[in-house]
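Now for the letters of each chain:
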Amino acid sequence: MNWDDARVFLAVCRESTLRGAARVLGVDQATVGRRITALEKSLSATLFLRTSDGYALTAVGEAALKSVEKMEHSALELERQIQGLDDRLTGTVRVSTTDSLAIDFLIPAIARLHEQHPDVRVQLDASTQILSLAKREADIAVRNTRPDNPDLIARRIARWPVGLFASQAYIDANGVPQPGTAFEGHDLVVYQPYLQGKKDLTLVSEPLSRGRIVASLSSSLLVRRSIAAGLGVGEIPVYMGERDGLIRLWPERTTPLPYEVWLVTHADLRHTARVRAVIEQIVDVFASENE
């Protein structure tokens, strides 16, 4: 099996459909189908069961997957090592982050980068999905969690307390909630992942049991914008709340854990000139904004 066939095989394994695999590979669905059929013919083996729900691996396919994943690891390792020797300030650097951090920090960093190194292009992915640096889905990640992969280099570039905020318009209309009342009579906006799998929900250690959750949002930027629009009370990093001109409530209270920002890249890429240039601008913007 050559690497091109292996890539097609892996895409179908991970997406379970020809359409999904075609989207990942950037080819049409018919091409993926022909490649899988040709691969099975060349190996004289059935790798997938065609079901109404998509493509499911056979026992032979499961065995092949383990070997193909080793091929992928070796191919990606080779690519990273070669790129790590690249000292040219040109080419594309893929950066993954959240929407809030993209707007507040990454876009200013890209603007600075463009002034100094116009031939370096940044491909910015801003979402709640964490892309894999090990699989080269991104070259740099700026996230609020530290990875545990030993092949990744992580550097903390910000650490903010998380507080309770509301807009002036909300306070004028509804007043300030009183500690110890579990937000009775107040509207709340919360980060959607906090609602999943948690029994005792709180904002800055205050129970939500008497409040009204009027919106649950999938990103920190949506939470920020909802608070600014006067939709309700919510908790966000103090830095972001102050930046947005919101009113901090109960300033003596913060969440047990602060909001940390980590800059992460793969060890093999840390000496690549264009990657290093992007990292330097990101670090500088975070440093200047937090002075």
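Just so we're clear, the structure is a prediction, and the values are computed from it rather than from any experiment.

K.L.:
Requested: an account of the overall build of the protein chain, with residues and values cited.
P.N.:
Per the secondary structure count, the protein chain includes 10 helices and 14 strands. Along the first, second and third principal axes, the C-alpha atoms of the protein chain reach 70 × 50 × 30 Å. Evaluated residue by residue, the protein chain yields a buried proportion of 44% over its 291 residues. Long-range contacts, defined here as pairs at least 24 residues apart, represent 75% of the contacts in the protein chain between residues at least 6 apart. Distance from the positive charge centre (34 side chains) to the negative charge centre (37 side chains) of the protein chain: 3 Å.

K.L.:
Which residues make up the environment of Ala 11, and what are the values?
P.N.:
In this fold, Ala 11 is placed in helix H1 (residues 3–15). Exposure remark for Ala 11: the relative accessible area of 8% places this residue in the buried category. The sequence separation of Ala 11 and Ala 22 amounts to 11 residues, and the corresponding C-alpha distance is 8.0 Å. Excluding residues within four positions of it along the chain, Ala 11 makes contact with Ser 16, Ala 21 and Leu 25.

K.L.:
Would you mind going over the sheet that holds strand S5 (residues 140–143) in detail, with residue names and values included?
P.N.:
Ordered by their spatial adjacency, five strands build an open sheet running S4-S3-S5-S14-S6, and the pairing between neighbours is mixed. One side of each edge strand has no neighbouring strand; the edge strands of this open sheet are strand S4 (120–126) and strand S6 (152–160). Direction aside, neighbouring strands of the sheet carry axes that sit 20° apart on average. In terms of strand pairing, S5 meets strand S14 (residues 259–266) through four bridges, oriented antiparallel. Considered in S14, the bridge of Ile 140 is made with Thr 265. Sitting on the sheet, helix H5 (residues 99–116) is in contact with strand S3 (91–97), S4, S5, S6 and S14, with an inclination near 175° to S4.

K.L.:
Quick rundown of the environment of Phe 165? Include the residues and the values.
P.N.:
Its location among the elements puts Phe 165 in strand S7 (residues 162–166). The class for Phe 165 is buried, based on a relative accessible area of 0%. With 82 residues separating them in the primary sequence, Phe 165 and Ile 247 have C-alpha atoms 5.5 Å apart.

K.L.:
Could you give an account of the sheet that holds strand S12 (residues 234–237), naming the residues involved and the relevant values?
P.N.:
Pairing within the open sheet is antiparallel, and its three strands lie in the order S12-S7-S13. Both outer strands of the open sheet, S12 and strand S13 (247–249), are each paired with one neighbouring strand and no more. For this sheet the average axis-to-axis angle between neighbouring strands, irrespective of direction, equals 55°. On the sheet, helix H8 (residues 220–228) packs against S7 and S12 and is oriented at approximately 125° with respect to S12.

K.L.:
Explain the pattern of salt bridges to me, and be specific about the residues and the numbers.
P.N.:
Evaluated as defined, the whole model comprises 13 salt bridges. We note a salt bridge from Glu 260 to Arg 159, for which the minimum N-O separation is 3.1 Å. A residue pair is termed long-range when its members are at least 10 positions apart, and Glu 260 in strand S14 and Arg 159 in strand S6 qualify at 101 residues. For Arg 212, the salt bridge is made with Asp 187, and the minimal N-O distance between the two is 2.7 Å.

K.L.:
Go over helix H3 (residues 29–43) with me, naming the residues and quoting the values.
P.N.:
Two residues of an α-helix separated by three or four positions point the same way, owing to the 3.6 residues in each turn. Between its first and last C-alpha, H3 extends 21 Å over 15 residues, near the 21 Å set by a 1.5 Å rise per residue. All buried positions along H3 are accounted for by Val 32, Gly 33, Ile 36, Leu 39 and Glu 40. An end-on view of H3 places all buried positions within 130° of arc, on one side of the element. Seen from the buried face of H3, the exposed residues on the opposite side, beyond 90 degrees, are Arg 34, Lys 41 and Ser 42. On its buried side, H3 packs onto H1, helix H2 (18–25), strand S1 (48–51) and strand S2 (54–57). Capping of H3 at its N-terminal end is provided by Asp 28; its side-chain oxygen lies 3.2 Å from the backbone amide nitrogen of Ala 30. Remark: Ser 44 follows H3 within two positions and exhibits a positive phi of approximately 55°.

K.L.:
Describe the nonpolar core, and please don't skip the residues or the numbers.
P.N.:
If you look at the biggest cluster of nonpolar residues, it comprises 29 residues, and the most contacted ones within it are Leu 101, Ile 140, Trp 160, Ile 282 and Phe 286. Every element with two or more residues in this core is listed here: S3, H5, S4, S5, S6, helix H9 (238–243), S14 and helix H10 (273–289). Broken down by element, the residue count for this core peaks at eight residues, all from H10. Cys 13, Leu 25, Leu 39 and Leu 47 belong to the second-largest nonpolar core, a separate cluster that totals 20 residues.

K.L.:
Just give me the short version of the packing of H5 against H10, but keep the residues and values in it.
P.N.:
Here H5 crosses H10 at 125°, and the two axes come no closer than 9 Å. Regarding the angle of H5 to H10, the classification is oblique. Crossing hand, H5 versus H10: right-handed. Contacts from Leu 101, Phe 105, Leu 106, Pro 108, Ala 109, Arg 112, Leu 113 and Gln 116 of H5 reach H10 at Ala 277, Val 278, Gln 281, Ile 282, Asp 284, Val 285, Phe 286, Ser 288 and Glu 289. The residue inventory of the contact of H5 with H10, partitioned by class, reads 11 nonpolar, three polar and three charged.

Rules of the game
Residues numbered from 1 in each chain as written. Predicted model: local features only at pLDDT ≥ 70, side-chain atom pairs only at ≥ 80, totals over all residues. Heavy atoms only, no water. Helix = DSSP H or I, 4+ residues; strand = E, 2+ residues; numbered from the N terminus. Buried < 20%, exposed > 50% of the residue type's maximum accessible area, 1.4 Å probe, protein only. Contact = heavy atoms within 4.5 Å. Lys, Arg positive; Asp, Glu negative; His and termini not counted. Charge placed at Lys NZ, Arg CZ, Asp CG, Glu CD. Pairing = 2+ DSSP bridges. Axes fitted to C-alpha atoms, helices over the stretch in contact; angles between N-to-C directions. Salt bridge = Lys/Arg side-chain N within 4 Å of Asp/Glu carboxyl O. Expected span 1.5 Å × (residues − 1). Arc of directions from axis to C-beta. Polar contact = N/O pair within 3.5 Å; in protein donor to acceptor, adjacent residues only side chain to side chain. Core = buried A, V, L, I, M, F, W, Y, C linked by side-chain atoms within 4.5 Å. Parallel < 35°, antiparallel > 145°, perpendicular 65-115°, else oblique. Left-handed = near helix turned anticlockwise from the far one by under 90°. Nonpolar A, V, L, I, M, F, W, Y, C, P; charged D, E, K, R; others polar.

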